[in-house]
Amino acid sequence: KEEEEGEEAQVLAASKERFPGQSVYHIKWIQWKEENTPIITQNENGPCPLLAILNVLLLAWKVKLPPMMEIITAEQLMEYLGDYMLDAKPKEISEIQRLNYEQNMSDAMAILHKLQTGLDVNVKFTGVRVFEYTPECIVFDLLDIPLYHGWLVDPQIDDIVKAVGNCSYNQLVEKIISCKQSDNSELVSEGFVAEQFLNNTATQLTYHGLCELTSTVQEGELCVFFRNNHFSTMTKYKGLLYLLVTDQGFLTEEKVVWESLHNVDGDGNFCDSEFHLRPPSDPETVYRGQQDQIDQDYLMALSLQQEQQSQEINWEQIPEGISDLELAKKLQEEEDRRASQYYQEQEQAAAAAASASTQAQ
């Protein structure tokens, strides 16, 4: 493992010499729907919208990279994106539509450089596709890539609905400041409720938002998910949401491709490209400090067992009119049951491995 890390460091150092002053990204090749498909991983410069967008286009095979390519610069990524945007230009459209498209393209090109660092995206708390309209949003429209968030107010909690209203995040922060300085006790109270909402939902995902996301995102859709100024590639498989794992730490972990998005504050479960549960082969990557080296054969058996038992929530059987809170509880109960079962089996496997090791000694 140390040799691998040494080689990685050498490659990165060499690539920085070849591309001075540029961000360099490592490419991870995965088997995606039986096609050898590249995804771009995050380097030490942290997350940026460019990667989330490019990974959607790569997984949709709308952008293709040369086989065996291992590293790519931010400039090359921008070239691939620019070429795709020009190719995606609609052919047979009216003069008004053409002018409108060209104006949008011009606006998008003006902010493309921001894709490498971060975009000014301002959520509204009323819907998973509702953002304040900015030039940054035009990029997603032009590329026909849906942009989602899950920071929603539960419409059943009246005082929060009233306090937040139709404000965007920026407007709500301004409203809280002005309410606090008001002489009107009702406004002061409203400001306090709004501030509590922001504090209580600091993860920028609520259970109502998670329920809305789960019902709004289409099965198999490739999209971008925005949360805490971070842009992730997201999809939906068999009714559940998954985020693409792009951390460079998982570059050599072929079986770690997706992470489930099923609760508002914890980490999800890692899965392979076919959405089978796959904890990393090196436990220190995730379970730091724990010595539970897990046998790969056991993992395969566990994955097969999960598929057979597959006790996923059947969305069609959920009664109409169920409240978001009840649905969230159902989701959480199901997740707790799965997690409990998974960790019990993990402990049994670790005990069996330890026993076998003792006997061998």
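Where an unreviewed UniProt entry is consulted, the protein chain appears under the name Ubiquitin carboxyl-terminal hydrolase, with the organism given as Neovison vison. In the Sequence similarities (unreviewed entry) part of its UniProt record, the protein chain is described as follows: "Belongs to the MINDY deubiquitinase family. FAM63 subfamily." Under the Catalytic activity (unreviewed entry) heading, UniProt states for the protein chain: "Thiol-dependent hydrolysis of ester, thioester, amide, peptide and isopeptide bonds formed by the C-terminal Gly of ubiquitin (a 76-residue protein attached to proteins as an intracellular targeting signal)."

(A) Structural context of the overall build of the protein chain. Helix and strand counts for the protein chain come out as 11 helices and nine strands. The burial tally for the protein chain puts 46% of its 361 residues in the buried class. When contacts within the protein chain are restricted to residue pairs at least 6 apart in sequence, those whose partners lie at least 24 apart make up 59%. On the protein chain, roughly 19800 Å² of surface is accessible, and the fraction owed to carbon and sulfur atoms is 48%.

(B) Spotlight on the packing of helix 2 (residues 49-59) against helix 3 (residues 74-87). The interhelical angle for the contact between helix 2 and helix 3, taken along N-to-C directions, is 50°, at an axis separation of 11 Å. Regarding the angle of helix 2 to helix 3, the classification is oblique. Read as a crossing pair, helix 2 and helix 3 show a hand that is left-handed. When helix 2 is examined against helix 3, the residues L50, L51, I53, L54 and L57 are found in contact with a partner set consisting of A74, L77, M78, L81 and Y84. When the residues that make up the contact of helix 2 with helix 3 are grouped by side-chain class, the tally is 10 nonpolar, no polar and no charged.

(C) Representation of the packing of helix 7 (residues 169-180) against helix 8 (residues 185-200) within the structure. In the contact formed by helix 7 and helix 8, the axes pass within 8 Å of each other and the chain directions differ by 140°. Classed by the angle they form, the pair helix 7 and helix 8 counts as oblique. Considering how the two elements wind past one another, helix 7 and helix 8 form a crossing that is left-handed. Across from Y169, L172, V173, K175, I176, C179 and K180 in helix 7, the residues of helix 8 making contact are L187, V188, E190, G191, A194, E195 and L198. Here the contact of helix 7 with helix 8 is built from residues that sort into nine nonpolar, one polar and four charged.

(D) Main features of the sheet that holds strand 8 (residues 258-260). Strand order in the open sheet formed by six strands is 4-5-6-7-8-9, and the pairing between neighbours is mixed. With one partner strand each, in any of the chains shown, strand 4 (147-148) and strand 9 (270-271) form the two edges of the open sheet. Bridge analysis of strand 6 (residues 230-237) against strand 7 (residues 240-244) gives four bridges, and the strand direction is antiparallel. If you follow T235 over to strand 7, its bridge partner there is Y242. Strands strand 5 (222-227), strand 6, strand 7 and strand 8 of the sheet are contacted by helix 2, whose axis makes an angle of about 25° with strand 6.

(E) View of a negative patch on the surface. A surface patch of like charges, here negative, comprises E75, E79, D83 and D87. Under the relative-accessibility criterion, D87 is labelled exposed at 58%.

(F) Quick look at the environment of I40. Take I40: it is sitting in strand 2 (residues 35-40). For the pair I40 and I27, spaced 13 residues apart in sequence, the C-alpha separation works out to 4.8 Å. In this structure, I40 is in contact with Y25, H26, I27, L51, N55, L58, L65, I72, L77 and T246, ignoring residues within four places of it in sequence.

(G) Quick look at the pairing of strand 1 (residues 24-32). The element strand 1 is extensively covered by neighbouring structure, given that seven of its nine residues are classed as buried. Summarising the sheet, strand 1 and strand 3 (residues 71-73) pair through three bridges and their orientation is antiparallel. If you follow V24 over to strand 3, its bridge partner there is T73. Strand direction decides the pairing type here: strand 1 and strand 2, joined by six bridges, are antiparallel. Counted as the bridge partner of K28 is I39 from strand 2.

(H) Just the packing of aromatic side chains, in detail. Under the definition given, this model contains 11 aromatic pairs. Between the aromatic rings of F250 and F270, the centroid separation amounts to 5.2 Å while the plane-to-plane angle is 45°, which identifies the pairing as tilted. Residue F250 is located in the loop between strand 7 and strand 8, and its partner F270 is located in strand 9; the two are separated by 20 residues in the primary sequence. A relative accessible area of 12% places F270 in the buried class.

(I) Summary view of helix 3. Given a rise of 1.5 Å per residue, 14 residues ought to cover 20 Å, and the 20 Å separating the end C-alpha atoms of helix 3 matches this to within 8%. When helix 3 is considered as a whole, its buried residues turn out to be A74, L77, M78, L81, G82, Y84 and M85. Down the axis of helix 3, the buried side of the element spans an arc of 160°, and every buried residue falls inside it. Facing away from the buried side of helix 3 by more than 90 degrees, the exposed set consists of L86 and D87.

(J) Structural context of the environment of G127. Assignment of secondary structure puts G127 in the loop between helix 4 (95-111) and helix 5 (135-143). In this structure, the C-alpha to C-alpha distance between G127 and Y148, residues 21 residues apart in sequence, is 8.9 Å. Apart from residues no more than four positions distant in its own chain, G127 is found in contact with H149 and L152.

Calculation criteria
Residues numbered from 1 in each chain as written. Predicted model: local features only at pLDDT ≥ 70, side-chain atom pairs only at ≥ 80, totals over all residues. Heavy atoms only, no water. UniProt positions renumbered as here; feature names shortened; annotations may be inferred. Helix = DSSP H or I, 4+ residues; strand = E, 2+ residues; numbered from the N terminus. Buried < 20%, exposed > 50% of the residue type's maximum accessible area, 1.4 Å probe, protein only. Contact = heavy atoms within 4.5 Å. Areas by Shrake-Rupley, 256 points an atom, 1.4 Å probe, with all protein chains shown as cover. Axes fitted to C-alpha atoms, helices over the stretch in contact; angles between N-to-C directions. Parallel < 35°, antiparallel > 145°, perpendicular 65-115°, else oblique. Left-handed = near helix turned anticlockwise from the far one by under 90°. Nonpolar A, V, L, I, M, F, W, Y, C, P; charged D, E, K, R; others polar. Pairing = 2+ DSSP bridges. Patch = residues over 30% accessible without salt bridge, like charges linked within 9 Å, V, L, I, M, F, W, Y side chains within 5 Å. Salt bridge = Lys/Arg side-chain N within 4 Å of Asp/Glu carboxyl O. Lys, Arg positive; Asp, Glu negative; His and termini not counted. Charge placed at Lys NZ, Arg CZ, Asp CG, Glu CD. Phe/Tyr/Trp six-rings, centres within 6.5 Å; stacked < 30°, edge-to-face > 60°. Expected span 1.5 Å × (residues − 1). Arc of directions from axis to C-beta.

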